[in-house]
Amino acid sequence: MHLTPESSQALLEKMDKSGVGWGGAVGGLRPEGPMRVKSVLGKRYLVALGQAEYQAVLRDKGMRGLEDLSDPRFEALFETAEKLFFEKVVRIFGEIHISNVKSGLSSGFQVNTTFDVAVVQKMYEMANRHNGFVQIHTEGAENLGGIKKIARQYPKSTTIISHCLPFSSSGDIRQLFKELPNVVCELSATGPVHGNRRVFSASGPKTDWLDLMEEFPDRFMLGTDPCCGLAGQYDEMVRELRVSLLPHLRPETLRKVAYGNAARLFDLED
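Residues numbered from 1 in each chain as written. Predicted model: local features only at pLDDT ≥ 70, side-chain atom pairs only at ≥ 80, totals over all residues. Heavy atoms only, no water.

**Comments concerning the overall build of the protein chain**
A tally of helices and strands in the protein chain yields 10 helices and 10 strands. Radius of gyration (C-alpha) of the protein chain: 17 Å, near the 18 Å computed for a compact globule of 270 residues. Referenced to the eigenvectors of the C-alpha coordinate spread, the extents of the protein chain come out at roughly 50 × 40 × 35 Å. Excluding contacts between residues fewer than 6 apart, the proportion of contacts in the protein chain whose partners are at least 24 apart in sequence is 70%. In the structure as shown, the protein chain presents an accessible area of about 11600 Å², 54% of it carried by carbon and sulfur atoms. (Helix = DSSP H or I, 4+ residues; strand = E, 2+ residues; numbered from the N terminus. Rg over C-alpha atoms; globule rule 2.2 N^0.38 Å. Contact = heavy atoms within 4.5 Å. Areas by Shrake-Rupley, 256 points an atom, 1.4 Å probe, with all protein chains shown as cover.)

Here it is in structure tokens:
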């Protein structure tokens, strides 16, 4: 659940209207945003840090800026993150874009780098020390190797793959899940509201993805992704998950995907 320009109160009202218990795990593009939302939503918002600083440095300095841990924005980020991770107020960095060119995002937001850049390594190092999470956006089967490498390098961290790795197949995700216990997927932007029917359509999930969810019921979570001009369709995003995806799962799988996996991973009250 991305932060959008609307007020925290408006976001809370949307969640209440749609019956959404909690959301978050990705941030926004304003550094003060996540903690401000936390002050209004409390336990219902999962704070994630780093996206605003990451994108700001990338915009100003290009790819080379992601190697500069002495940049004041990164120094301030990691000083704050160390404190909040230690206090267990925050456990997540995200959404960190590693590769997004295939999605056709605006040029100012595009990135095509690797997990080896200094700032990403620093996020994973901290997440690993605190049994935390890094939610990443990367695209295509060609990036499977990078995901495998970082997950093995930092086994006490959990990688959350946004949109369940766009431009990849269910077979690619099955390979990841079989090899790596510390990788999970979230399913935002994989259905009709986002103009994407990769995982499910109005009539239900594709057979291969349904089989994958039943094979690995502990590795999937829901998401909305009300970004990029779609904030007004938040209700529709929630509705399509409830109507076009969840009812097709076995009851025990449904409970895990709908809320149980998030509650377990993030120590939430379900």
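Right, picking up where we left off after that structure.
**Concerning helix H9 (residues 234-245)**
Look at H9: 16 Å from first C-alpha to last across 12 residues, which is about the 16 Å you get at 1.5 Å a residue. All buried positions along H9 are accounted for by Tyr-234, Asp-235, Met-237, Val-238, Glu-240, Leu-241, Ser-244 and Leu-245. Close packing links the buried residues of H9 with helix H1 (8-18), strand S8 (200-201), strand S9 (204-205) and helix H8 (207-215). (Expected span 1.5 Å × (residues − 1). Buried < 20%, exposed > 50% of the residue type's maximum accessible area, 1.4 Å probe, protein only.)

**Some words on the pairing of strand S4 (residues 92-97)**
Counted residue by residue, S4 has 6 buried out of 6 residues, so it is predominantly covered. Judged from the 3 bridges that link them, strand S3 (residues 48-50) and S4 form a sheet pairing that is parallel. Among the inter-strand pairings, Leu-49 is bridged to a residue of S4, identified as Phe-93. Where S4 meets strand S5 (residues 133-137), 4 bridges bridge the pair, whose relative direction is parallel. Bridge pairing in S5 links Ile-96 to Ile-136. (Pairing = 2+ DSSP bridges.)

**Let's talk about the side chain of Glu-240**
Locating Glu-240 in the fold gives a position in helix H9. For Glu-240, which is buried and forms no salt bridge, the nearest opposite charge comes from Arg-197, at a distance of 7.6 Å. The residues touching Glu-240, leaving out its near neighbours within four places in the chain, are Gly-191, Pro-192, Val-193, Phe-200 and Leu-245. (Lys, Arg positive; Asp, Glu negative; His and termini not counted. Salt bridge = Lys/Arg side-chain N within 4 Å of Asp/Glu carboxyl O.)

**A word on the sheet that holds S3**
Pairing within the open sheet is parallel, and its 6 strands lie in the order S3-S4-S5-S6-S7-S10. At either margin of the open sheet sits one strand with a lone partner, and together these are S3 and strand S10 (220-221). The strands that helix H7 (residues 170-179) touches are strand S6 (158-161), strand S7 (183-186) and S10; relative to S7, the one it contacts most, it runs at about 145 degrees. (Axes fitted to C-alpha atoms, helices over the stretch in contact; angles between N-to-C directions.)

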